[in-house]
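Here is how the chains run, residue by residue.
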Amino acid sequence: MNINSSRLENFFTEMSKIGKIGETGTNRPAHSPDEKKAFELASSWMEQAGMTTKIDNFGNLIGRLQGTNPDLPVLMLGSHLDSQPYGGRYDGVAGVLCAIEAAITMHEKGIKPERTLEIISFADEEGWRFNKGLFGSRGILGKLEEGELQRADANGITREQALKDFGCDITKFKESEYKEGSIYCYLELHIEQGPVLDISKKPIAVVSGISGPIWLTVKLKGMAGHTGSVPMPMRKDALVGAAEIIVALNEIANQVPGNPTVGTCGTIKVFPASRNIIPEECEFTLDLRDIDLERRNRYEKQLLDKIEEVSKKHGLTYEISEDWKSDPRYCADWIKNIIRNNCEKIGLQETPEIMSGPFHDAMAISYACDYGMIFVRCKDGISHNPLEYSSPEDLALGSEILYGTILDILKG
């Protein structure tokens, strides 16, 4: 093995101390003092690889290993160091630390690439603090939306203020954007966040692509009334309507057994939220994802039709806001082949190819260049949870494959 597995394991140990909750949990919000500490630590390791480091105006940490031909488009690697509020040690972190280990190995071996290599810890991949993710990866491509800086967290702090506190200059976003054609391709290693590899007893997978998500917020409005006196046929119960829609989403996603379609309701707010008042308003979120765009669009129509049908049935009015929508994004075949070849070089035969249900920074970057992803097994498929775990041995394998993939791409 070329990479130093003990050093890589120590990277994870030291990073896990920042924002630690409980024995194995992590809470590192985007644009926070803890994320700044994580960036400072990661920067010190990037410098061991001969990289220069900076934090751009979107709050991305960028390590840059200058190539001998700086005019060539860069080979970009990355993931993120922000976490869920009740998260684990590996989500996002694995992609940054395994890339740093690969870069240090290159430096130690005296490899001086012609093409510049960059490792980025993207800002706010997770999206929970301001309810909008992939901020840094969309930002460098000029893909931010109107009003994003005015989004506020639970404490009323806007993203604009958080970025200023982080040391960013929001008036200079343009200076931090990448010009069209300046990124050659993008690589991201990530824990699988699902059970497929663990069940099949495989440490590594080649990713086929990222499923296309639709995030909707639905607000139903009916009529409040006394739960003891309003007859059932006369009620306009918003929560009952929401319940029927949520069950319908589950049925829509399950209508063809074996398909990778998934549908979820993650949050519900009820007003006025009293045990003896019929719910007048119900606001809830719906998440529908599929790797097959035609099927995803068909299922979306079924869901919207169901919302209309249920609302009429219960005498409700409704509003739907589309919070996020992306087409499925497929990994480049040529990069998948290089990853697979590097799996074979270290003795991993018949490496599976699986899709990613969760989205990653790769989804945003895929609109600028070809991309490829490596998945590393996680125990029981658990993620977004302090119980999240990937073994040092599997992470070392992933970093070794990433290292070989980097070298092969740089040769091309």
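Up top you'll find the structure we're talking about.
Below is a summary of the structure that appears in this document. Keep in mind it's a predicted model, so treat the numbers as computed, not measured.

**Re the nonpolar core**
One recurring pattern in soluble globular proteins: nonpolar side chains tend to sit buried together. Ranked by internal contacts, the top residues of the largest apolar core, which has 92 residues, are Ile100 and Ile406. The biggest single contributor to this core is helix α3 (residues 93–108), with 11 residues. Discounting chain neighbours no more than four positions away, the residues touching Ile100 are Phe11, Ala42, Trp45, Met46 and Ile119. Of all hydrophobic cores here, the second largest spans 18 residues; its members include Val218, Leu249, Ile252 and Tyr299.

**Considering helix α10 (residues 333–345)**
Under the 1.5 Å per step criterion, the end-to-end length of α10 is 18 Å for 13 residues, consistent within 8% with the ideal 18 Å. Those residues of α10 that sit buried are Ile335, Lys336, Ile338, Ile339, Asn342 and Cys343. Along the long axis of α10, the arc covered by the buried residues comes to 160°, so they all point the same way. With respect to the buried face of α10, the exposed residues turned more than 90 degrees away are Asp333 and Lys345. Count one or two residues on from α10 and you reach Gly347, which has phi positive near 90°.

**Things to note about the sheet that holds strand β9 (residues 212–221)**
Hydrogen bonds between backbone atoms are what pair the strands of a sheet, whose relative direction is either parallel or antiparallel. Taken in spatial order, the 4 strands make up an open sheet running β10-β11-β9-β12, and their pairing is antiparallel. Either end of the sheet is taken by a strand with one partner, and the two such strands are β10 (262–271) and β12 (317–325). Averaged over all pairs of adjacent strands, the angle between their axes in this sheet comes to 15°, without regard to strand direction. The pairing of β9 with strand β11 (residues 281–290) spans 10 bridges and is classified as antiparallel. Bridged to Lys219 within β11 is Glu283.

**Some thoughts on unusual backbone geometry**
The residue after Phe271, namely Pro272, is reached through a cis peptide bond having omega 5°. Of note, Pro272 is situated in the loop between β10 and β11. Positive phi outside glycine occurs at Gln193, with the angle close to 65°. When you line up the elements, Gln193 lands in the loop between β7 (183–191) and α7 (196–200). Despite not being glycine, Ala273 has its phi angle at roughly 65°, a positive value. Here Ala273 lies in the loop between β10 and β11. The class for Ala273 is exposed, based on a relative accessible area of 61%.

Thresholds applied
Residues numbered from 1 in each chain as written. Predicted model: local features only at pLDDT ≥ 70, side-chain atom pairs only at ≥ 80, totals over all residues. Heavy atoms only, no water. Core = buried A, V, L, I, M, F, W, Y, C linked by side-chain atoms within 4.5 Å. Buried < 20%, exposed > 50% of the residue type's maximum accessible area, 1.4 Å probe, protein only. Helix = DSSP H or I, 4+ residues; strand = E, 2+ residues; numbered from the N terminus. Contact = heavy atoms within 4.5 Å. Expected span 1.5 Å × (residues − 1). Arc of directions from axis to C-beta. Pairing = 2+ DSSP bridges. Axes fitted to C-alpha atoms, helices over the stretch in contact; angles between N-to-C directions.

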